[in-house]
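Chain by chain, the residues:
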Amino acid sequence: MNNEYELELAGRALEFARNPPEHLLPVAARHIADFIGVYTAGTEVGEIADYLKVLRTESSIQGNNGPFTLDEPISRSAKASYLGSAGHIHDFDDDEPAVAVGHPTVAVAAAAFATADPALDSRLFLGAYLAGIEVINRIGACANPDHYNAGWHATATLGVFGGAIASGILRGAGKEELANALGFAASASTGLKAAFGSVAKPIQVGNAAANAVLAAAMAASGLQAASGLVFGKMGWMEMLGDESRVAQTIRGFGYPHAFEAPGLNIKLYPCCSSSHTAVDGFIDILTREKISAADIARVDAWIGPDIPGILIYDYPTTGLEGKFSLRYPLAAAALNGRLTLADFETERVRSAEAVEFMKRIDIHIDAALPRAPAGVTHCSRVRVTDRSGAVFERFTEQPRGSSLKPLSNEELFEKFSLCAGGVLADGTDAAFDALIGMPEGGPLSNVIKAISLTK
C-alpha cells in the first residue's frame, strides 16, 4: 500500500499530464527544443563519445561507431543515461535556481525520449514532461535550500523523481503505479556537488534519467517498493528535506506550475548560471561604454555568500572547471565580447590572455544581496574601472533568458543553430520547426526523425 502523500502527488501529476493548461504547451515545446539543441552539441564532446562507447560495450554491442539513435539496441535506461549526459555536459541546459536549484528539463526529457513510443501523440509527450517538471519543483520546494546546501546535486537527486513520473505516464501507468515508481526513484536518488567541474557531473544527471526509466519499468512489472520511501518515516524527505512542508506543497500542484512561477531560465551562456547575472552586467558595461579588454584596469564583482560553494574554481585549468568559475567567464567575455561553447575549451581557459585577465578581477561577498526563495543568490553587482580611472557599475537581478527576460523565438533559434548546426540530418530549420510545433499534435516519430544525428 502506497503512502498517502505519494499517492496524492502521483494522482495530481497524472491528472495534470492528461489535461495540461493549453498555454503551457508552447512553453514546454520551447524548453524541449532548447534541450535537444544542447544535447546535440553535447554529442560532439569527446568524453560523451567515450561514454557512448561504454554504454554500447556494456550492452555487448561491438563495432558500432555511428551516431546515437533512439532505436539502437541498448536498454531504455542506457538511452536515457546517454541523452541526459550529453544534454548536461555543456551546462547549457535550462535551469531553475529559485526552488529546484538545478536543471529540471534534462532528466525529465531524457527519460521521456528514452521511454516514449514513436507513435505517441506529441501533445501527450508534452503533458508528461510538464507533470515531471512540476514534480521536481514540488519536491524541491520541500527540500531546498538545505538539501542543495548540504552538498547534494539537486539536478540529479530531484531529477530522478520528475523523470520517473514522465516515464511512467508515457508507459500508461495509473496513480498507484506512479506512486510505486516514486518509491523506486527515491531509493536511487543521488548526485553530489563535489562532481562539479568534471565529467562525473553530467553522467550523474544521465544516471538520474536512467534510474527514472528503471523506476517506472520496475513499477510496471509489478515489483513493489516499500511504502513511504519518499514521504514516510526514514524516507527521502525526512532524511534529505523538510517533511513539514509536504502537505501544503503537494496540494498546490500545478497552481501555479513551475513554468509560471518561479519560471525556468533558458541559458545564454554555456556555464553555471550562478555567474550569469555578473556576465550580463559586465557585457552590458563593455557594450554601452565601448570598452575593450585592454582598456580595463580592474573588475570588481559582488556575489552572495552561497555562490563560492557553487563556483568552486577560482583559477580553473580545464574547460569543465571554467564553467564553475566566476573569474574565467568574465575574462572570456572581456576578451571575446560574448561567451560561446568554444570559450570553454581547455586551451582557451589556459591561454596566457585569460590567465592574465583573471588576475585583474576581485570577487567580494555581499550578504545583503537579495536571495531567491530557496536561499540562493543569483543577482550580482559588477564594477569596471578603466585605465583612465573612470568607473562603471551594474546591478543585475535576473539573467537574460529568465522568465522575466525571456528569449524571443528568434533568439532561441539562434542558440539552437549554434548548438546543432551541422549535426542534425534534416538541418536546424526542420528540427526546430518540428520541436516548436509539438503542441499542434501528430506522432512523436516526426520529431524523432527531425532530430536524428548525422555524426
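Anyway, here's the lowdown on the structure attached to this text. Since we're looking at a predicted model, the values are computed, not measured. (Residues numbered from 1 in each chain as written. Predicted model: local features only at pLDDT ≥ 70, side-chain atom pairs only at ≥ 80, totals over all residues. Heavy atoms only, no water.)

**Some words on the pattern of salt bridges**
Part 1: A complete count under the given rule lists 23 salt bridges for this structure.
Part 2: Residue arginine 298 is joined to aspartate 300 by a salt bridge in which the shortest nitrogen-to-oxygen separation is 2.7 Å.
Part 3: On the accessibility criterion, arginine 298 (36% relative accessible area) is partly exposed.
Part 4: A relative accessible area of 4% places aspartate 300 in the buried class.
Part 5: A salt bridge links aspartate 362 to arginine 298; its shortest N-O distance comes to 3.1 Å. One end of the pair, aspartate 362, is in strand β2 (residues 361-365); the other, arginine 298, is in strand β1 (residues 296-303), with 64 residues separating them in the sequence.
Part 6: Bridged by salt links that share partners, the residues Asp284, Arg288, Glu289 and Arg394 form one connected network. (Salt bridge = Lys/Arg side-chain N within 4 Å of Asp/Glu carboxyl O. Buried < 20%, exposed > 50% of the residue type's maximum accessible area, 1.4 Å probe, protein only. Helix = DSSP H or I, 4+ residues; strand = E, 2+ residues; numbered from the N terminus.)

**A word on the sheet that holds strand β4 (residues 391-396)**
Part 1: The strand order across the open sheet built from four strands is β2-β1-β3-β4, with neighbouring strands paired in mixed fashion. Edge positions in the open sheet fall to β2 and β4, since each of these has one partner strand only. Taken over all neighbouring pairs, the strand axes of this sheet differ in orientation by 15° on average, direction set aside.
Part 2: For β1 and β2, the ladder comprises five bridges, and the chain directions are parallel. Among the inter-strand pairings, aspartate 300 is bridged to a residue of β2, identified as aspartate 362.
Part 3: Against the sheet, helix α14 (residues 276-289) touches β1, β3 (380-386) and β4, its axis set at about 140° to β4.
Part 4: Those strands touched by helix α16 (residues 327-336) are β1 and β2, and its axis lies near 140° from that of β2. (Pairing = 2+ DSSP bridges. Axes fitted to C-alpha atoms, helices over the stretch in contact; angles between N-to-C directions. Contact = heavy atoms within 4.5 Å.)

**Points about the side chain of aspartate 366**
Part 1: Tracing the backbone through its elements, the reader meets aspartate 366 in the loop between β2 and β3.
Part 2: A distance of 3.4 Å separates polar atoms of two side chains, one belonging to aspartate 366 and the other to arginine 381.
Part 3: Apart from the residues lying within four places of it in its own chain, the contact partners of aspartate 366 are Trp302, Ile303, Gly304, Pro305 and Arg381. (Polar contact = N/O pair within 3.5 Å; in protein donor to acceptor, adjacent residues only side chain to side chain.)

**Details of the pairing of β1**
Part 1: β1 sits mainly inside the fold: six of its eight residues count as buried.
Part 2: Where β1 and β3 come together, six bridges link them in antiparallel fashion. Note on β3: the bridge partner recorded for alanine 301 is valine 382.

**Looking at helix α1 (residues 4-18)**
Part 1: Its 15 residues place the ends of α1 21 Å apart at the C-alpha level, agreeing with the 21 Å of an ideal helix rising 1.5 Å per residue.
Part 2: Three or more residues of α1 are buried, namely Glu6, Glu8, Leu9, Ala10, Gly11, Ala13, Leu14, Phe16 and Ala17.
Part 3: Structurally, α1 contributes buried residues whose contacts are with α2 (24-42), α6 (122-143), α9 (159-170), α10 (175-187) and α13 (246-251).
Part 4: With a side-chain oxygen lying 2.8 Å from the backbone nitrogen of tyrosine 5, the N-terminal cap of α1 falls on asparagine 3. (Expected span 1.5 Å × (residues − 1).)

**Details of unusual backbone geometry**
Part 1: Going from asparagine 144 to proline 145, the amide bond is cis rather than trans, its omega being 10°.
Part 2: Take proline 145: it is sitting in the loop between α6 and α7 (146-149).
Part 3: Of note, the amide linkage connecting alanine 261 to proline 262 takes the cis form, showing an omega dihedral of 10°.
Part 4: The backbone of serine 60 shows a phi angle near 60°, a positive value even though the residue is not glycine.
Part 5: Counting through the fold element by element, serine 60 comes out in the loop between α3 (46-58) and α4 (76-88).

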